[in-house]
Structure formats: structure tokens, C-alpha cells
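Per-entry structural report
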Amino acid sequence: MNYFYGIMFILIGLMLAVKQRKENKIFIPLGIYFILVGGCWIASAIYPSGVFTLIIKGLSALALVLCLVFIYRNRLFRNKEATPEEKPKSRDDSGLF
């Protein structure tokens, strides 16, 4: 089953990095993250040791921090560009999702 998860993560990473990069630039590092996590899943299935789980946890923490920084900077940049009458009135209208 670990091989399936590894291949699934690699395919999702390729899809994000190649097809979705036109949507937003955050999909490129996220795609690379999923490719690396898929590689760690497969390596952990081949060589059962605790090292690969530590690598996956470290990569996940790093990816989470980078995504939060990118989202914060993206929102800050959008709010600076908008004129006062164009600013969103609610959190749902921020355009993030």
C-alpha cells in the first residue's frame, strides 16, 4: 500500500507543478513537495527505517510554513493594490479560494 501512496503523491505533485502553475505560483513548490513526499514514501517502503518518516515530517513543516508566508504576502500585496472602495468587505470575498 505504501507504493500506491508514493506513486499517488508523485502524480499529484507532477500535476500541480506542470498543469496548475498557470493558476498560481504557489503550485510549483507544492508540486515539488508532493514529489519529494512520494519519493520518501516509496523509499520508506523499500528501506523500513525511521529516517524517512523524520524527513517527511520536516518537509511537511517546511512546506506549511512556506505556504503560510506566501498566502500572507499575497494578501498583503492585494490589499495594497486595492483602492479603499475596492477592498473586500468580508473574509469570504478575499479571492483566496
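All of these numbers come straight from a predicted model, not from anything done at the bench.

**Remarks on the overall build of the protein chain**
Within the protein chain, the secondary structure is distributed over 3 helices and 0 strands. Counting helices and strands in the order they occur from the N terminus, the protein chain gives α-α-α. Relative to all contacts within the protein chain whose residues are 6 or more apart in sequence, the contacts with residues 24 or more apart total 48%.

**Section: the environment of N2**
Relative to the elements of secondary structure, N2 occurs in helix α1 (residues 2-19). Using a relative accessible area of 32% as the deciding quantity, one classes N2 as partly exposed. Leaving out residues up to four positions away in the same chain, N2 has contacts with W41 and A45.

**Section: the packing of aromatic side chains**
Aromatic rings considered in pairs are described by the distance between their centres and by the relative angle of their planes. Inspection of every chain in the model, using the stated rule, returns 5 aromatic pairs. On the numbers, 6.0 Å between centres and 55° between planes, the contact of F4 with Y5 is tilted. Taken together, the ring pairs in this structure connect F4, Y5, F9, Y33, F34 and W41 into an aromatic cluster.

**So, the packing of α1 against helix α2 (residues 27-46)**
The N-to-C vectors of α1 and α2 enclose an angle of 165°; their axes lie 7 Å apart at closest approach. One element, α1, and the other, α2, form an angle in the roughly antiparallel class. Seen along the crossing, α1 lies across α2 with a hand that is left-handed. When its residues are assigned to classes, the contact of α1 with α2 shows 19 nonpolar, 6 polar and no charged.

**Some details on α1**
Over its 18 residues, α1 runs 25 Å from end to end, which matches the ideal 26 Å to within 8%, given 1.5 Å per residue. Inspection of α1 places G6, F9, G13, L16 and A17 among the buried residues, and these make up the whole buried set. Axial view of α1: buried residues confined to an arc of 100°, hence all on one face. What points out from α1, more than 90 degrees from its buried face, is the exposed set L11 and K19. Looking at the buried positions of α1, the neighbouring elements they touch are α2.

**Points about the confidence of the model for the protein chain**
Here the protein chain averages 80 in pLDDT, and 82% of its residues register 70 or above. By mean pLDDT, helix α3 (residues 51-81) is the weakest element of the protein chain at 82, and α1 is the strongest at 90.

**Some thoughts on α2**
Counted at 1.5 Å a residue, the expected span for α2 with its 20 residues is 28 Å, and the 28 Å between its end C-alpha atoms agrees. Three or more residues of α2 are buried, namely L30, G31, Y33, V37, G38, C40, A43 and S44.

So, how was this worked out
- Residues numbered from 1 in each chain as written.
- Predicted model: local features only at pLDDT ≥ 70, side-chain atom pairs only at ≥ 80, totals over all residues.
- Heavy atoms only, no water.
- Helix = DSSP H or I, 4+ residues; strand = E, 2+ residues; numbered from the N terminus.
- Contact = heavy atoms within 4.5 Å.
- Buried < 20%, exposed > 50% of the residue type's maximum accessible area, 1.4 Å probe, protein only.
- Phe/Tyr/Trp six-rings, centres within 6.5 Å; stacked < 30°, edge-to-face > 60°.
- Axes fitted to C-alpha atoms, helices over the stretch in contact; angles between N-to-C directions.
- Parallel < 35°, antiparallel > 145°, perpendicular 65-115°, else oblique.
- Left-handed = near helix turned anticlockwise from the far one by under 90°.
- Nonpolar A, V, L, I, M, F, W, Y, C, P; charged D, E, K, R; others polar.
- Expected span 1.5 Å × (residues − 1).
- Arc of directions from axis to C-beta.
- pLDDT = per-residue confidence, 0-100.

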